[in-house]
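Single-letter residue listing:
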Amino acid sequence: MNEKFHRIIFIIIALAIALTMFSLVGGYGSSTIEDEYQITQSIQLDRYYKSFGSDTSILENSRPMYSGWFNALTVTMSDVFSKFEIRSVRHAMNALFGFVGILFAALLAKRCRNWRTASFTMLLLGLSPVIFGHSMFNLDDIPVIATFAASLYFAKRLADHFPKPKIADAIFFALTSSLCITANPDCSLIVAVALLLVVIGLVAQRKHKEIKKAAIRYSIFAVGSLAVICGIAILLVPQGIGEWIDSFSPNAPTRILFEGKLVWTDLLPWYYNTKMLVMTIPAAVFVGMLLALGLCFVKKTNRAEIITLICISVVSILIFSLKSDTNGTWQHLLYAEIPLYVVAAVGFDMLAESSRSKATQIAGIAIPVLLMIMPAIHTFRNHPYSHIYYNEFTGGISHVFGRYELENYGTSNREAAQWVIDNGKYNLSGNQLFVATRSEKAGKHYFGEYKYEVSIVETRWAERANHIWDYAIFPVTGIEPEILTSQYFPPKNTVDTISIDNVPICLVLQRTDTCDLYGRGYLANNDVQHAIELLEMAVYNDPTNESAMINLIDANLRINNKDAMKKWIDRFLEIAPRDDVGNYYNAYYQNITGNNDEAERIGKEIIDYNPRFALAYMFLSTVYTMQKRYDEAESIVLSLVDYDMYDEQAARQLVRVYNAQQRDISEAEMSYYDYASKSYDRRGKKELAEKYRKLYEETKEKSK
């Protein structure tokens, strides 16, 4: 094989991908988290570094600092290129690191096999919609990919230079590994990976006689690398290491669409991350992996590298997936895909090499190119939303709509806001424009120089009718799946739809009447009749107006019109059969009409679907208390502790349960303290467990 020719091809492909990435990066909007806290956090961390630790404002930020050092670096670069907006500089830097990650993965493939393998790797990664798309805006995960790929590359060099490792390789391995670990602590596995690679490299070369001679050298390099990694980690992390690692547990879980249900991110099934990775990796990668696994045993080449790289990926995915507190962020596992792409490239190259004729060899080379045509078309046709991708096995975007998340990053806010800027004219208040968004901070910077004074209103989709707005921007996330797939979606007052593959990912709504808003105002003033008239008109105009229907249920409950209440409950549940609030009212209706068994069943279903809907717990506790099922009444309200939702209202409910039994309030307190200590202990929160254990003992002592 002509290596010189294939190196030229590799350089051409690399340049093409780099130019494409840098030419398209400007079209991407920022993610919601970038506007909400990431930029502020980056500035604080930059000040910490520049002040050599004297500016500690970053310690006030409790958010996890994925790729903190990189985010701080983008602030420095934005100071250098001050004429550019900070987000533009950040995204350009992110694209640079995205390309660096692809480049190091390709160089790793070259060390595993040849320049043609490197070219295949460059194509697979460069045309992968998820890798390419995230390289445009995801400053949490792309630096991890870049440093992880570089760490693997230098680990391979350490193994290849047996029995005399080069100092430069050890230094660069230590540097890239430390940056990788401080970008994402779950990458601490990289150290074990390096040792595994070295051992496999020794075995593969079968130089057993030299192992003793090399053992001392490699031990020194390993200890030195660990020392450098620990030293850099201490320098880059403002908090103590333990406190820093703890910060990566989610502080505020959210609900996302998975398998056709809205699920809390910290309560997702263990296989969530694995399934999402499998669904978003191009089919070409799996074909290449199967070829590699099959041919490595037939040809007996690259077997050690292939098995090692697959093990690295699989172990990373399993360890991350089994940590329940990190579920909901499968993008943080993108780094684990890198070894799989390299293995796939090796498989395609082995196929091309095993071909006996020129024609079959060309066909072998053409296979990965042909398999990547559909992902490449998706990438460029759906710019700047190429990161929203589901592979050929899933049937694509249209087949997963209403079952899995699409636009949970909020990058489409930019295009939606631009539509309002270009077309906005309806002015509800007379002196300023009100725009509703999922995130107030994320919406503000797009309207900095708008022709009207703009006020950003933060609201969720289901509560949109309860707020004043002229236009509303809603990425399609956090919406009940039955609504997404109903005949009423998108609503009639949709004035702009951002779509990919003919599937909506973001809507711009225009308020064409104010019946829902004023109806709610009348209800707040207890003018029920006027409220009902306006709210019914609002539902007629928009059959998916959830807030208006909930307010109608409430209004009819106030005047004890049970028939009308049931009518609107049924109407609501037709479009959102699993909605928490709608089902809560249904359970309440069943209870007040004497159907207690049905009320209990519905209450349990609500908790099963949404374990964080506190009203369902309170309702069931009240029902059990009325039925003198005191143990169940106590148990259901105390279980709120498991979700950190036990509050004053829950405490009052527990007291009511004990009062119904004519038991002392101190017993209720002891019951709560005892349950809380066990719950926190079970969840690994030792300090809180000890705190409540002491409170239990003190209360018990006082009650004697």
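Scoring rules and cut-offs
- Residues numbered from 1 in each chain as written.
- Predicted model: local features only at pLDDT ≥ 70, side-chain atom pairs only at ≥ 80, totals over all residues.
- Heavy atoms only, no water.
- Axes fitted to C-alpha atoms, helices over the stretch in contact; angles between N-to-C directions.
- Helix = DSSP H or I, 4+ residues; strand = E, 2+ residues; numbered from the N terminus.
- Parallel < 35°, antiparallel > 145°, perpendicular 65-115°, else oblique.
- Left-handed = near helix turned anticlockwise from the far one by under 90°.
- Contact = heavy atoms within 4.5 Å.
- Pairing = 2+ DSSP bridges.
- Expected span 1.5 Å × (residues − 1).
- Buried < 20%, exposed > 50% of the residue type's maximum accessible area, 1.4 Å probe, protein only.
- Polar contact = N/O pair within 3.5 Å; in protein donor to acceptor, adjacent residues only side chain to side chain.
- 1 Å grid on protein atoms, 1.4 Å probe; cavity = no way out; pocket = protein on both sides within 12 Å on 5 of 7 lines; lining within 4 Å.
- Points joined across faces, edges and corners; volume = space filled by probe spheres on them.

Caption draft 1: Layout of the packing of helix α22 (residues 515-524) against helix α23 (residues 528-541). Interhelical geometry of α22 versus α23 gives an angle of 160° and a closest axis separation of 8 Å. What the angle tells us is that α22 and α23 run roughly antiparallel. α23 is crossed by α22, and the crossing has left-handed handedness. Side by side, α22 and α23 meet where Cys515, Asp516, Tyr518, Gly519, Arg520, Tyr522 and Leu523 of the first sit next to His530, Ala531, Leu534, Leu535, Met537 and Ala538 of the second.

Caption draft 2: Representation of the pairing of strand β6 (residues 494-500). When β6 meets strand β7 (residues 503-510), the two strands line up antiparallel, connected through six bridges. Bridge pairing in β7 places Thr497 opposite Leu507. Taking the residues between adjacent antiparallel strands as the criterion, β6 and β7 are bridged by two residues, where Asp501 takes a positive phi near 50°.

Caption draft 3: Main features of helix α26 (residues 580-592). Between the first and last C-alpha of α26 there are 18 Å, a value that for 13 residues agrees with the 18 Å anticipated at 1.5 Å per step. Of all 13 residues in α26, ten are buried, a share of seventy percent or more. Three or more residues of α26 are buried, namely Asp580, Gly582, Asn583, Tyr584, Tyr585, Asn586, Ala587, Tyr589, Gln590 and Asn591. Of the surrounding secondary structure, the elements contacted by the buried residues of α26 are β1 (255-258), α24 (546-558), α25 (562-575), α27 (596-609) and α28 (614-626). Capping the start of α26, Asp579 holds a side-chain oxygen 3.0 Å from the backbone nitrogen of Val581, two or three residues further along.

Caption draft 4: Quick look at empty space enclosed by the protein. Evaluated as defined, the whole model comprises four cavities of 30 Å³ or more. The calculated volume of the largest cavity comes to roughly 160 Å³. The wall of the largest cavity is formed by 17 residues, among which Trp330, Gln331, Glu405, Leu406 and Asn408 lie closest to the centre. In terms of residues, the lining of the largest cavity owes the most to one element, helix α12 (residues 272-280), which gives three residues.

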